[in-house]
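# A look at the structure
One-letter residues, chain by chain:
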Amino acid sequence: MSKILKFNVKNAKYALPDVAGSYETAEIKPLGGAANLSLERQFSEQEIYEDGQITYVVPSDKGQNGTLGLVTLHDDYEIAMGRKMEVEGGIADVEQIGSVPHAIYFETSGLNESKQRITIKNWLLNVTSAAPSESYEQDTENINPQNYSMALNILGVNLMDSTGSAEYIDENGNTRRVTRLTSTPTDTNYATFQDTVPTPKVKVEA
């Protein structure tokens, strides 16, 4: 794995699963104009004491939380999330009565070890989002566009075996959760990575 300097965020998109939870025929739709993105692992450790000493440290990894900042936000996305509705005479903000799992795609820029600029493609898996906050500023010498800030809860999906037909189980009987998939120009299927929501599968060693 090479070392890459990452920066910038762009090309935010989303996809909805079908009623069976499959993304096989999902349409990839634009989400809005990205301004910033922050991601944070929800990880903690519990120390277990015996005889006055720490004898076990039990990890707890609950996925990732994030915040997506947008300059523009598509009404179609908000309608799909159940927060807006087309009504007579316009679009209404409505009470959200449920969360809609979906996948979010975005790209970052990067410099590889050869100092070449590259695009890094990413999918966030099994995401729910909260109603975005909005902020507006009075125009002064410059136009200040509206900005949206949207909280993300990234639950992830279970890693599958190399065939994609069964969940991967490690040598200790554990399944593994995948919250994010990333592809760089040296990876297989990089050119089409953004076209469908990928299923995370273990790599077959040559």
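Since the structure is predicted, the reported quantities are computational estimates derived from the model, not experimental observations.

### Some points on the pairing of strand 5 (residues 90–93)
Of the pairings in the sheet, the one linking strand 4 (residues 84–87) to strand 5 comprises four bridges and is antiparallel in character. If you follow Met 85 over to strand 5, its bridge partner there is Ala 92. Taken together, strand 4 and the strand that follows it, strand 5, pair antiparallel across an intervening segment of two residues, in which Gly 89 is found at a positive phi of about 90°.

### Here we look at the packing of aromatic side chains
Taken as a whole, this structure holds two aromatic pairs when the rule is applied. Here the aromatic rings of Tyr 14 and Tyr 77 are separated by 4.9 Å at their centres, their planes lie at 80°, and the arrangement is edge-to-face. With Tyr 14 in strand 1 (residues 5–15) and Tyr 77 in helix 1 (residues 75–80), the pair connects residues that are 63 residues apart, well separated along the chain. Where Tyr 105 meets Trp 123, the ring centres are 5.2 Å apart and the plane angle is 55°; that geometry is what we call tilted. With Tyr 105 in strand 6 (residues 102–111) and Trp 123 in strand 7 (residues 117–129), this pair connects stretches of sequence that are 18 residues apart. Across the pair, exposure class does not vary: Tyr 105 and Trp 123 are buried alike. Positioned over the ring face of Tyr 190 is Lys 121, at 4.0 Å from the centre of the ring.

### Let's talk about the side chain of Gln 194
Locating Gln 194 in the fold gives a position in the segment after strand 12 (180–183). Separated by 3.1 Å, the side chain of Gln 194 and the backbone oxygen of Ala 191 make a polar contact. One polar contact links Gln 194 to Asp 195, side chain to side chain, over a distance of 3.4 Å. Contact partners of Gln 194, with chain neighbours within four places excluded, come to Ile 28, Tyr 105, Lys 121 and Trp 123.

### Some points on the side chain of Asn 112
Note that Asn 112 resides in the loop between strand 6 and strand 7. Looking at Asn 112, its side chain comes within polar contact range of the main-chain nitrogen of Gln 116, at 2.9 Å. Beyond its immediate chain neighbours, meaning those up to four positions away, Asn 112 contacts Lys 3, Ile 4 and Ile 118.

### Examining the nonpolar core
Formed by 17 residues in total, the largest nonpolar core has its most connected members in Leu 31, Leu 70, Tyr 77, Ile 104, Leu 124, Met 150 and Leu 152. Elements that contribute at least two residues to this core include exactly strand 1, strand 3 (53–73), strand 6, strand 7 and strand 9 (147–154). The element best represented in this core is strand 9, accounting for four residues. Other than its neighbours up to four places away in sequence, Ile 104 contacts Lys 13, Tyr 14, Leu 31, Tyr 77, Asn 122, Trp 123, Leu 124, Val 127 and Leu 152. Core analysis: the second largest hydrophobic core is formed by twelve residues, Ala 15, Ala 26, Trp 123 and Leu 125 among them.

Basis of the calculations
- Residues numbered from 1 in each chain as written.
- Predicted model: local features only at pLDDT ≥ 70, side-chain atom pairs only at ≥ 80, totals over all residues.
- Heavy atoms only, no water.
- Pairing = 2+ DSSP bridges.
- Helix = DSSP H or I, 4+ residues; strand = E, 2+ residues; numbered from the N terminus.
- Phe/Tyr/Trp six-rings, centres within 6.5 Å; stacked < 30°, edge-to-face > 60°.
- Buried < 20%, exposed > 50% of the residue type's maximum accessible area, 1.4 Å probe, protein only.
- Lys NZ or Arg CZ within 6 Å of the ring centre and 35° of its normal.
- Polar contact = N/O pair within 3.5 Å; in protein donor to acceptor, adjacent residues only side chain to side chain.
- Contact = heavy atoms within 4.5 Å.
- Core = buried A, V, L, I, M, F, W, Y, C linked by side-chain atoms within 4.5 Å.

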